[in-house]
Amino acid sequence: MRWYWIDRFIEFESGRRAKAVKAVSLAEEHLHDHFPEYPVMPHTLIIEGVAQTGGLLVAEHNAFAEKVILAKVSQAEFNGEAMPGDILTYTTDVEYIKKDGAMVVGTVHRGQELFGQMELVFAHLQTGHETRTLYEPQTFLKMMRMLGAYDIGHADDGSPLVEPAEMFD
Amino acid sequence: MPTQEEIFEKIRVALVDALGVDDDEVTPEATLVGDLGAESIDFLDIVFRLEKAFDMSIPRGELFPEDILTNAEYIKDGKLTEAGLDEVRKRMPFADLEEFAKNPVVGDFGNLLTVADMCRFVETKLSSAG
C-alpha cells in the first residue's frame, strides 16, 4: 500500500496555504477493513491526508531542509463519515513556521459542507544538524511533483512555484 | 498591562487548547508535566499560544531551559550540579526551585514548572516590555 492520502494539490501558496483533494474510492483496501460491509474512511486517515497537505506546505517553505514530522494533533473534530464516491477538499493554513516546528489549521470539506477541522503541530527533526541526508527531501519533492504542486503553486512573491532542480541531482 | 486574573485566564485557555485538559484542571498549583500531562512537543504548542495570546515573542529555551539539562558541564551522576542549579535559577527566576534543589535529579526537572510559574513568567515579560 502506498502512503499517499491526497490525490492532487489544487492550491499551493508557499508558506501560507495549501489545498488538496482526496477522492474516496471503493477500490481502496482500507474501506473494507474498518467496518466490514460498511465502507467508511477512518478519520485518522483523513487527518493523515490533511497532515500530508500541511506537512508539504511547511517543508516546501523551509526549502526541504528540515525533516517535517507530524508531532501532535491538538484538536480534531468531524461531522460525519466519508464514503466511497466522496471528494474531500483539505485546506491547510499556516499558523506559524518556526525553527523547531510549525502549526497549521486544517479543514475538510465535502462539496460546500464543512466536514471536519483540526489543528496540527509539526516538529523539525535534527534541526541544526549538518549531516542530514537528502533522501527525505527528495521523497517530499517527488510527492510535490506527483501531486501537481508545481503546476499550480505560487512562491511568496506570487511568481510560479519552481522545482528546486538542484535537489534532484 | 493585564491583571493577574486576566493573565491566568489567557494561560488557562492556552493550556486547555494545547493539552486537551478541562478548565478546572488548570489550577495555579498544577504542574504542566505531572498534572496536565504535557510532553516535550506540547511546549512548542504552548509557547506559540502564549505568544499569540499576549502578543509577545518567547525565544526557545526561555520558558523551559532544556539546553541546561543536556549540558554535561552542569550534570553529574544524573543530578544538576551547584553551577547547574545557579544557571537554572538565573534563567528561571519565575519558578520556585527550592524543593527541587534539595535533590536535583535531572529526570524530575521536567515536572517543576507550574501554572503559577507560567503566570509569573508572562507577568515578568509583560512588565519588562511595557
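Just so you know, these numbers come straight off a predicted model, no measurement behind them.

A.B. asks: Account for the nonpolar core, with residues named and values stated.
C.D. replies: Counting 45 residues, the largest nonpolar core has Ile 11, Leu 15, Leu 50, Phe 109, Val 115 and Met 118 of chain B as its most contacted members. Of all elements in the fold, only α1 (4-19), α2 (40-54), α3 (66-69), α4 (82-91), α5 (98-102), α6 (106-109) and α7 (115-129) of chain B reach the threshold of two or more residues within this core. Looking at this core, the element that brings in the most residues is α1 of chain B, giving eight residues. Sequence-distant contacts of Val 115 of chain B, that is, excluding residues within four places in its chain, are made with Phe 8, Ile 11, Leu 15, Val 26, Thr 27, Pro 28, Ala 30, Leu 32 and Leu 36 of chain B. Counting 39 residues, the second largest nonpolar core, distinct from the first, contains Trp 5, Ala 18, Val 68 and Ala 82 of chain A.

A.B. asks: Which residues make up α2 of chain B, and what are the values?
C.D. replies: The terminal C-alpha atoms of α2 of chain B lie 22 Å apart, and with 15 residues this matches the ideal 21 Å at 1.5 Å per residue to within 8%. The element α2 of chain B is largely enclosed, with a buried count of twelve among its 15 residues. When α2 of chain B is considered as a whole, its buried residues turn out to be Ile 41, Asp 42, Phe 43, Leu 44, Asp 45, Ile 46, Val 47, Phe 48, Arg 49, Leu 50, Glu 51 and Phe 54 of chain B. Elements that come into contact with the buried residues of α2 of chain B comprise β3 (67-78), β4 (87-97), β5 (101-110) and β6 (113-125) of chain A together with α1 and α7 of chain B. At the C-terminal side of α2 of chain B, Asp 55 of chain B shows a positive phi close to 50°.

A.B. asks: Quick rundown of the packing of aromatic side chains? Include the residues and the values.
C.D. replies: A complete count under the given rule lists eight aromatic pairs over all chains for this structure. Ring geometry for Phe 78 of chain A and Phe 115 of chain A: centres 6.1 Å apart, planes at 65°, overall edge-to-face. In this pair, Phe 78 of chain A is assigned in strand β3 and Phe 115 of chain A in strand β6, connecting sequence segments 37 residues apart. Here the aromatic cluster, defined as three or more aromatic residues joined through ring pairs, consists of Phe 43, Phe 64, Phe 100 and Phe 109 of chain B. We note Lys 98 of chain A situated over the ring of Tyr 96 of chain A; from NZ or CZ to the ring centre the distance is 5.2 Å.

A.B. asks: A description of the domain arrangement of chain B should follow, citing residues and the corresponding values.
C.D. replies: All names here are of chain B. For chain B, the assigned domains read domain 1 (1-58 + 113-130) and domain 2 (65-111). Contacts between the two partners involve seven residues from domain 1, matched on the other side by six residues from domain 2. Regarding the contact of domain 1 and domain 2, the summed buried area is about 600 Å², with carbon and sulfur atoms giving 58% of it. At the junction of domain 1 with domain 2, the criterion picks out zero salt bridges. Counting every contact that joins domain 1 to domain 2 gives three residue pairs in polar contact (both at pLDDT 80 or more). In terms of residue class, the side of domain 1 that touches domain 2 is made up of three nonpolar, two polar and two charged.

A.B. asks: Hey, could you go over the packing of α1 of chain B against α7 of chain B for me, with residue numbers and the actual values?
C.D. replies: Residues and elements named next belong to chain B. Here α1 crosses α7 at 120°, and the two axes come no closer than 10 Å. Taken together, the axes of α1 and α7 are oblique relative to one another. Where α1 crosses over α7, the two elements pack in a sense that is right-handed. On the side of α1, the interface is formed by Gln 4, Ile 7, Phe 8, Ile 11 and Leu 15, while α7 contributes Val 115, Met 118, Cys 119, Val 122, Glu 123 and Leu 126. Among the residues forming the contact of α1 with α7, the class breakdown is nine nonpolar, one polar and one charged.

A.B. asks: Explain the pairing of strand β2 (residues 17-23) of chain A to me, using residue names and the numbers behind them.
C.D. replies: Residues and elements named next belong to chain A. In this structure, strand β1 (residues 8-13) lies alongside β2, joined through five bridges in antiparallel fashion. Of the residues in β2, the one forming a bridge with Glu 11 is Lys 19. Connecting the antiparallel pair β1 and β2 is a turn made up of three residues, with Gly 15 showing a positive phi of about 75°. Bridging between β2 and β4 involves seven bridges; their strand directions are antiparallel. Note on β4: the bridge partner recorded for Ala 23 is Ile 87.

A.B. asks: An account of unusual backbone geometry is needed here, citing residue identities and associated values.
C.D. replies: The phi dihedral of Ala 63 of chain A falls on the positive side, at around 55°, and the residue is not glycine. Along the chain, Ala 63 of chain A falls in the loop between α2 (43-61) and β3. Its identity as a non-glycine residue notwithstanding, Asp 77 of chain B has a phi of 50°, on the positive side. Position of Asp 77 of chain B relative to the elements: it lies in the loop between β1 (75-76) and β2 (79-80). Note on Asp 77 of chain B: relative accessible area 73%, which makes it exposed.

A.B. asks: Account for the interface of chain B and chain A, with residues named and values stated.
C.D. replies: Tallying the contact residues gives twelve residues for chain B and 15 residues for chain A. Across the chain B/chain A interface, buried area totals approximately 1100 Å², and carbon plus sulfur atoms make up 50% of it. Area buried by chain B at its contact with chain A is led by Ile 41, Leu 44 and Phe 48 of chain B, which between them contribute 50% of it. A salt bridge links Lys 72 of chain A to Asp 42 of chain B; the nearest nitrogen and oxygen atoms lie 2.5 Å apart. Taken together, chain B and chain A are joined by seven residue pairs in polar contact (both at pLDDT 80 or more).

Conventions we followed
Residues numbered from 1 in each chain as written. Chains lettered and ligands numbered in written order. Predicted model: local features only at pLDDT ≥ 70, side-chain atom pairs only at ≥ 80, totals over all residues. Heavy atoms only, no water. Core = buried A, V, L, I, M, F, W, Y, C linked by side-chain atoms within 4.5 Å. Buried < 20%, exposed > 50% of the residue type's maximum accessible area, 1.4 Å probe, protein only. Helix = DSSP H or I, 4+ residues; strand = E, 2+ residues; numbered from the N terminus. Contact = heavy atoms within 4.5 Å. Expected span 1.5 Å × (residues − 1). Phe/Tyr/Trp six-rings, centres within 6.5 Å; stacked < 30°, edge-to-face > 60°. Lys NZ or Arg CZ within 6 Å of the ring centre and 35° of its normal. Domains from an automatic or database assignment. Buried area = accessible area lost by both parts, 1.4 Å probe. Salt bridge = Lys/Arg side-chain N within 4 Å of Asp/Glu carboxyl O. Polar contact = N/O pair within 3.5 Å; in protein donor to acceptor, adjacent residues only side chain to side chain. Nonpolar A, V, L, I, M, F, W, Y, C, P; charged D, E, K, R; others polar. Axes fitted to C-alpha atoms, helices over the stretch in contact; angles between N-to-C directions. Parallel < 35°, antiparallel > 145°, perpendicular 65-115°, else oblique. Left-handed = near helix turned anticlockwise from the far one by under 90°. Pairing = 2+ DSSP bridges.

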